[in-house]
Amino acid sequence: MEKTSNLKKINIAFFSGTGCTKMSAELLADFLKKNALTVNVEEICRKNLPENKEYDLFILMFPVHAFNAPRPVVRWIKNIRPGKKSSAAVISVSGGGEVFPNRACRLTAIRELSKKGYDVTYQKMLVMPSNCITVTPDEILYKLIKIMPEKISKIAQDITEGKILSASPSAIDKAASSIAGFGQMFFGYIGKIKISEKCSKCGWCSDNCPTENIAFTHGKAIINNRCCLCLKCLYGCPEKAVKLKFLNFLIFKEGFDINNMRKKAFVPVKSKTGQPSVGYVWKGAVKYLSDV
């Protein structure tokens, strides 16, 4: 990978609930460092404000929430100190890919970054296994994980070479994103959680909640109204003691562990030939796989 731009220092800020975006951000940082670039990585959460240091390029990475950027990401961007015109890249991560209604998912974040003086010159969608509603079929799931390094290596190459890549979502895409984005205001209610008697009061959920929605006082769990439905506590609780009050049927009973999936993806098995035969829900993921 030959560097053709003037990049020297890059900052990657990511938001991650169940680990897919975190894994992608760390891998992207590794690829960029191999090209003699200085890369800083920071996680977006309520207790971490933007570092507001000077970099040649800012890369924002987040999972798609309701066809949009998660609310904590938008709030975090608003805390960035306005500065000189700088370049930025926005990379979204979803289970469905670059299809309706995900195609406008980066617009809110791009609009907020523009207010802070950033010029977003590169946009991209990564596809990773779905973590709710519909389980990704195995024939797609493990292929997505296997090609992840290749996809992220290509992004690193594009960024290093200064490639410009934009997107042009339709009016319908934009409308869906705006309506669903407004719906995120109610996630605090929809995402109300309950702690079962299996809770060991270890504090894992309160320590890892990106919105500080959970706290323990005198051994009792206090649930606030700041849930963004990132699902981290639901899948990460060591005792599986956290449940949704209203929509728990959307969560996978078998759990979601991207690190375990990554290990299984590289266990030698007899591979199937050709592209997976699945329905419209996975159309974007199949196209993503075929573009390798």
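Our structure's up above, just so we're on the same page.
These remarks concern the structure in this document. Values in this document were obtained by computation on a predicted structure and should not be read as measured data.

## Comments concerning a positive patch on the surface
1) Next: Together, Lys-194, Lys-198, Lys-240, Lys-243 and Lys-245 make up a positively charged patch on the protein surface.
2) Next: One can find Lys-240 in the loop between α8 (232–236) and β9 (242–244).

## Focus: a nonpolar patch on the surface
1) Next: The grouping of Phe-182, Met-185 and Phe-186 at the surface amounts to a nonpolar patch, some 340 Å² of accessible area in total.
2) Next: Along the chain, the position of Phe-186 falls in the loop between α5 (171–183) and α6 (187–190).
3) Next: Relative accessible area serves as the criterion here: at 46%, Phe-186 is assigned to the partly exposed category.

## Looking at the nonpolar core
1) Next: Ile-10, Ile-12, Leu-28, Leu-32, Ile-59 and Met-61 are the most contacted members of the largest nonpolar core, which has 56 residues in total.
2) Next: With near-sequence residues (within four places) excluded, Ile-10 lies in contact with Leu-32, Leu-37, Thr-38, Val-39, Asn-40, Tyr-55, Leu-57, Ile-59 and Ile-159.
3) Next: Grouped together as the second largest cluster of nonpolar side chains are 21 residues, Val-73, Ile-77, Ile-80 and Leu-113 included.

## Some words on the sheet that holds strand β2 (residues 38–43)
1) Next: The strand order across the open sheet formed by five strands is β2-β1-β3-β4-β5, and the pairing between neighbours is parallel. Single-partner strands in this sheet number two, and they are β2 and β5 (118–127). The mean angle between the axes of side-by-side strands here comes to 20 degrees, regardless of whether they run parallel or antiparallel.
2) Next: Sheet topology note: the strand β4 (residues 86–94)/β5 ladder contains nine bridges and is parallel. Across the sheet, Ser-92 pairs through a bridge with Met-125, a residue of β5.
3) Next: The sheet contacts of helix α2 (residues 71–78) involve β1 (9–14), β2 and β3 (57–63), and relative to β3 the element is tilted by about 155 degrees.

## Points about the pattern of salt bridges
1) Next: Under the defined criterion, the tally for this structure stands at seven salt bridges.
2) Next: The salt bridge partner of Arg-46 is Glu-212, with a shortest N-O separation of 3.7 Å. Taken together, the positions of Arg-46 in the loop between β2 and β3 and Glu-212 in the loop between α7 (204–208) and β7 (214–217) put the pair 166 residues apart, joining distant regions of the chain.
3) Next: A relative accessible area of 32% places Glu-212 in the partly exposed class.

## Re the packing of aromatic side chains
1) Next: In total, this model carries six aromatic pairs according to the counting rule given.
2) Next: Ring plane angle 25 degrees and centroid distance 5.2 Å describe the contact between Tyr-189 and Phe-246, whose orientation is recorded as stacked. Residue Tyr-189 is found in helix α6, and its partner Phe-246 is found in the loop between β9 and α9 (258–265); the two are separated by 57 residues along the sequence.
3) Next: Between Tyr-235 and Phe-252, the ring centres sit 6.5 Å apart and the planes meet at 40 degrees, which makes this aromatic pair tilted. With Tyr-235 in helix α8 and Phe-252 in the loop between β9 and α9, this pair connects stretches of sequence that are 17 residues apart. Like Phe-252, Tyr-235 is buried.
4) Next: Through successive ring pairs, a cluster of aromatic residues spans Phe-58, Trp-76 and Tyr-118.
5) Next: Lying across the ring of Tyr-55, Lys-9 places its NZ or CZ 5.6 Å from the centre.
6) Next: Here the basic side chain of Lys-151 rests over the ring of Tyr-288, its NZ or CZ set 4.1 Å away from the ring centre.

## Observations regarding the environment of Arg-103
1) Next: By the element assignment, Arg-103 lies in the loop between β4 and α3 (107–115).
2) Next: Taking relative accessible area as the criterion, Arg-103 reaches 33% and is therefore assigned partly exposed.
3) Next: Excluding anything up to four places from it in sequence, Arg-103 contacts Glu-98, Pro-169 and Asp-173.
4) Next: Looking at Arg-103, its side chain comes within polar contact range of the side chain of Asp-173, at 2.9 Å.

## A short note on the pairing of β4
1) Next: Most of β4 sits out of view: eight of its nine residues are buried.
2) Next: With seven bridges joining them, β3 and β4 adopt parallel strand pairing. Bridge pairing links Met-61 to Ile-91 in β4.

## Topic: the side chain of Lys-116
1) Next: Looking at where Lys-116 falls in the secondary structure, it is placed in the loop between α3 and β5.
2) Next: One buried charge, Lys-116, has no salt-bridge partner; the nearest side chain with opposite charge is Glu-112, at 6.7 Å.
3) Next: Sequence-distant contacts of Lys-116, that is, excluding residues within four places in its chain, are made with Ile-77, Lys-78, Ile-80, Pro-82 and Gly-83.

## Focus: unusual backbone geometry
1) Next: For the bond running from Phe-100 to Pro-101, omega is 10 degrees, close enough to zero to count as cis.
2) Next: Residue position: Pro-101 is located in the loop between β4 and α3.
3) Next: Look at Asn-52: it is not a glycine, yet its phi comes out positive at around 55 degrees.
4) Next: Counting through the fold element by element, Asn-52 comes out in the loop between β2 and β3.
5) Next: One non-glycine residue, Phe-67, lies in the positive phi region at around 60 degrees.
6) Next: Secondary-structure assignment places Phe-67 in the loop between β3 and α2.
7) Next: Assessed through its relative accessible area of 31%, Phe-67 is described here as partly exposed.

Rules and cut-offs
Residues numbered from 1 in each chain as written. Predicted model: local features only at pLDDT ≥ 70, side-chain atom pairs only at ≥ 80, totals over all residues. Heavy atoms only, no water. Patch = residues over 30% accessible without salt bridge, like charges linked within 9 Å, V, L, I, M, F, W, Y side chains within 5 Å. Areas by Shrake-Rupley, 256 points an atom, 1.4 Å probe, with all protein chains shown as cover. Salt bridge = Lys/Arg side-chain N within 4 Å of Asp/Glu carboxyl O. Lys, Arg positive; Asp, Glu negative; His and termini not counted. Charge placed at Lys NZ, Arg CZ, Asp CG, Glu CD. Helix = DSSP H or I, 4+ residues; strand = E, 2+ residues; numbered from the N terminus. Buried < 20%, exposed > 50% of the residue type's maximum accessible area, 1.4 Å probe, protein only. Core = buried A, V, L, I, M, F, W, Y, C linked by side-chain atoms within 4.5 Å. Contact = heavy atoms within 4.5 Å. Pairing = 2+ DSSP bridges. Axes fitted to C-alpha atoms, helices over the stretch in contact; angles between N-to-C directions. Phe/Tyr/Trp six-rings, centres within 6.5 Å; stacked < 30°, edge-to-face > 60°. Lys NZ or Arg CZ within 6 Å of the ring centre and 35° of its normal. Polar contact = N/O pair within 3.5 Å; in protein donor to acceptor, adjacent residues only side chain to side chain.

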